[in-house]
Structure formats: structure tokens, C-alpha cells
Amino acid sequence: MDASNLDLQNVGPRLNDEEVDGFRCSVAELVMKVDKLEQRVNEVEKFYLNTSIKQPSTSKNTSSGKHKDKDKHVPGFKKLQQEASRRESAAAKRMQELMRHFGTILRQITQHKWAWPFMQPVDVEGLGLHDYYEIIDRPMDLSTIKNQMEATDGAGYKHVREIWADVRLVFKNAMKYNDEKSDVHLMAKTLLEKFEEKWLQLLPKVNEEEKRREEEEAEAQLNMQLAQEASHAKITRDLCNELYEVDTHVEELREMVARRCRKISIEEKRNLGIALTKLSPDDLSKALEIVAQNNPLFPASAEEVELDIDAQSELTLWRLKFFVKDALEVQGKSSSKGDNSNSANLAATNPNNSAASKRKKEICDALVKKARKRNKKPSK
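For the structure given in this document, a descriptive report is provided here.

Cut-offs and rules
- Residues numbered from 1 in each chain as written.
- Predicted model: local features only at pLDDT ≥ 70, side-chain atom pairs only at ≥ 80, totals over all residues.
- Heavy atoms only, no water.
- Salt bridge = Lys/Arg side-chain N within 4 Å of Asp/Glu carboxyl O.
- Helix = DSSP H or I, 4+ residues; strand = E, 2+ residues; numbered from the N terminus.
- Buried < 20%, exposed > 50% of the residue type's maximum accessible area, 1.4 Å probe, protein only.
- Contact = heavy atoms within 4.5 Å.
- Expected span 1.5 Å × (residues − 1).
- Arc of directions from axis to C-beta.
- Phe/Tyr/Trp six-rings, centres within 6.5 Å; stacked < 30°, edge-to-face > 60°.
- Core = buried A, V, L, I, M, F, W, Y, C linked by side-chain atoms within 4.5 Å.

Enumeration according to the criterion identifies 15 salt bridges in this entry. One salt bridge connects R213 with E209, and the closest N-O pair in it is separated by 3.2 Å. A residue pair is termed a helical-turn pair when its members lie 3 or 4 positions apart in one helix, as R213 and E209 do in helix α7 (residues 183–260) at 4 residues. With a closest N to O distance of 2.9 Å, E267 and R270 form a salt bridge. On the criterion of helical spacing, the pair formed by E267 and R270 is a turn pair, its members being 3 residues apart in helix α8 (residues 266–276). For E267, a relative accessible area of 43% puts it in the partly exposed group. One salt-bridge network, in which partners are shared between bridges, spans R94, E209, R212, R213 and E216.

Set out below in C-alpha cells:
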């Protein structure tokens, strides 16, 4: 038995051009819709996969309470953007206030009697310091810091720690380039110590602001994640509804095709029953699933299955016929390439193949038995 025995010609009365075009349009629309749905499903799967990967291991301890509160009401993206803008504006004002306090510290340092060597950029050429740029990677001075603090073109300091780092750099550079016993080295060391003392007075407020920013950012990220999850949950619900509509449309097309097809003859049923016994275990399981789709009570996954071809609907029979024809053609091509020897090796080494073959044999025996009963003629 091969695919040639399953004649699929003349499946039904000839359709007129209008009916054929209508059917083709319906199928084309379904294909396009399914392609779009598949893309959206992939996007949703990717989102939830990334969410599960990025989920921190300590989230249960740090944000479980927040999750309970946020479950009551999830803000929309527009509201989150507005809140983010207000939060950033408020944080910028608080940072400006810290910088203002830092400006007081900087003025006290610049007014010191020993601050004059550090007020302007080092005159490398005038002082003949030819090795200065070989020793100092990043020159800095107090007037440059002051100008950058007062900049209004967006190029100024964004965080008070940036100013702190540059002030320290002024004195560190002087101590690095000048000998420990030199006046400049001593002056830089003294001013650095005074600066650090004053900085320690402001540091608690800086730490408090940084902690506040960190907490606000964490809450903002949580809200954004919840909003994204809510959005994708809605997309998922919409996808389920659309998939249901597609499934309904497919069933309508199947029924329409079945109504237009002629009834399968007794001879065709016999050939179909025998052809089923020639399927591979995987293809046979798929064929039984086709039967189960129109007959929910059919035990497709049972160890022993008895399939009554005569009891199946025309729709099921035609679907089986098309499926079996395609499956046998694929098996025939595989056999011609020498896959039989490979299959034998796999069966010898894989116990699962043996179990599948055993189940296939039991189902095939039942099918053949049924076919023989139907075609057995009484003796004369």
C-alpha cells in the first residue's frame, strides 16, 4: 500500500469560478490573520520570557508588599511618564540645593590664604613644566570648577559628587607633581584636609538624597513592569478571542468543504483503513488526534485503540485521507534515501521507539481486523 492507492481526484462536484474565488479569499485572509497573530504571540512570549529572566532573586523580600498594593490599581503608561517627569524635576531641584550648600564650602576653600596657586589652570609653558602632562592625566583648577557649576547650557555638573571629585583632583594633582617638601605640596595637602572635613558635614544629606533616588527609581521600575504586564495581559486576552474566531472560521470552512465533497466509498474506506496501518508511530498518533477532534470521547492516547472507519464523519474521513496521503508520500521519500537502516539502529538503541512500535502494531492489528470483518464475504 502506498499513497497512490488513496485517490484524491474528484473529491466533489466541480465548483464554479465564483465559489472557488470566494474559498481562496477566505483561506488567504485566514493565512494572513494567522501570520499576524503568530507575530503578536511571539512578542508576548518574548516579553514574559525576558520578565522571568530579569526577575531578581530577592524580589520576594523587597517588593512583595509593593506588588500587593499595585495589584489594586496599575497606572497607565501616560500617567507613569507624567510621574517620571515630576520625579526628575523634584530630584533636580533637591540636587541644586545640595550644590548650593557645596558652593558655600567651595567659597570657604577659595578664600583661604593658601588657595591662590590653585585658582587658575597651571601655566605649563610659562613655568617651564615640560613634563607636567606626562605626570598629570587630567589637569583641574578651582576657577574651572566654579565656571562649570555656574554653566546654564546643560554642560554643568549633574551631581554634587562630581564637584567633590574635581575639587579633590585639584589638590591631588598638586601633591602628585610637587615634591612632598615643597610649599605647593604642603599647601595642597592642608587645603585638601580642610575640604574633606567640610565635605563630611554635607555627606549625610548627599547619602540621603542618593538613597531616596534609588528607592524612587526602584518604585518607578516596578510600576513600569506592572503596567507592561497589564498591557500584555490585555493583549493575551485579545489574542485568545481572535484565535477563537480563527478557529471558528476554520471549522466553518471545513464543514463547507465537507458538504461540497462527495461521500467516501466503501472501497476508499477500506483502503484508508489499511493505509493507516502503514503510518509511522508519530504519524499514526497524529491521525488518531484528527479523529479525536470531531469525537471528544475517542481515546486517542490510550494503549489500545479500536477505530471504526464506518462510524467517522465525512469531514473526519476526508481529513484523514489527505493527511495519510501526505504522510505516506513523505515516508516513501525517506525510505528511498536509506532512512530505514537508520530507523532500525535507533529502534535498537532507544527503548521509546520500541514502545511506540508496539503500540503502533496493536492499533494496526485492530484496524486490519476491522477491515477484514467488513470485507469478508459469506461462503456459498
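Attention now moves to the environment of M95. Tracing the sequence through the fold places M95 in helix α3 (residues 77–110). Through-space distance from the C-alpha of M95 to that of V206 is 8.6 Å; in sequence the pair is 111 residues apart. In this view, M95 contacts K158, H159, V160, E209 and R213; residues no more than four positions away in its chain are not counted.

Relative to the 20 Å expected for 14 residues at 1.5 Å per residue, helix α9 (residues 281–294) spans 21 Å between its end C-alpha atoms, a close match to the ideal helical length. Among all positions in α9, only D283, L284, A287, L288, I290 and V291 are buried. Down the axis of α9, the sector holding all buried residues measures 145°, keeping them to one side.

Per the stated rule, a full pass over the model turns up 7 aromatic pairs. Seen in terms of ring centroids, W318 and F322 are 6.2 Å apart; in terms of plane orientation they differ by 40°. Their pairing is tilted. Taken as a pair, W318 and F322 lie in helix α10 (residues 314–336) at a separation of 4 residues, close to a single helical turn. According to the relative accessible area criterion, W318 is buried, its value standing at 4%.

Along the chain, the position of G156 falls in the loop between α5 (142–149) and α6 (160–177). G156 sits in the buried class, given a relative accessible area of 13%. For G156 and K146, which are 10 residues apart along the polypeptide, the C-alpha to C-alpha distance reads 9.9 Å. Apart from the residues lying within four places of it in its own chain, the contact partners of G156 are Q148 and A151.

Glancing now at the environment of E216. Examined against the element boundaries, E216 turns out to sit in helix α7. In this structure, the C-alpha to C-alpha distance between E216 and A84, residues 132 residues apart in sequence, is 9.4 Å. Residues in contact with E216, not counting those within four places in the same chain, are R87 and R94.

Moving on, we get to the nonpolar core. Residues F102, F118, I145, V160, V167, F171 and L202 are the most contacted members of the largest nonpolar core, which totals 30 residues. Of all the secondary structure elements, the ones that give two or more residues to this core are α3, α5, α6 and α7. Top contributing element to this core by residue count: α7, with 9 residues. Aside from chain neighbours lying at most four places away, what touches F102 is M149, V160, I163, W164, V167, F195, W199 and L202.

Note that every value here comes from positions in space, so none of it alone points to a role or purpose.
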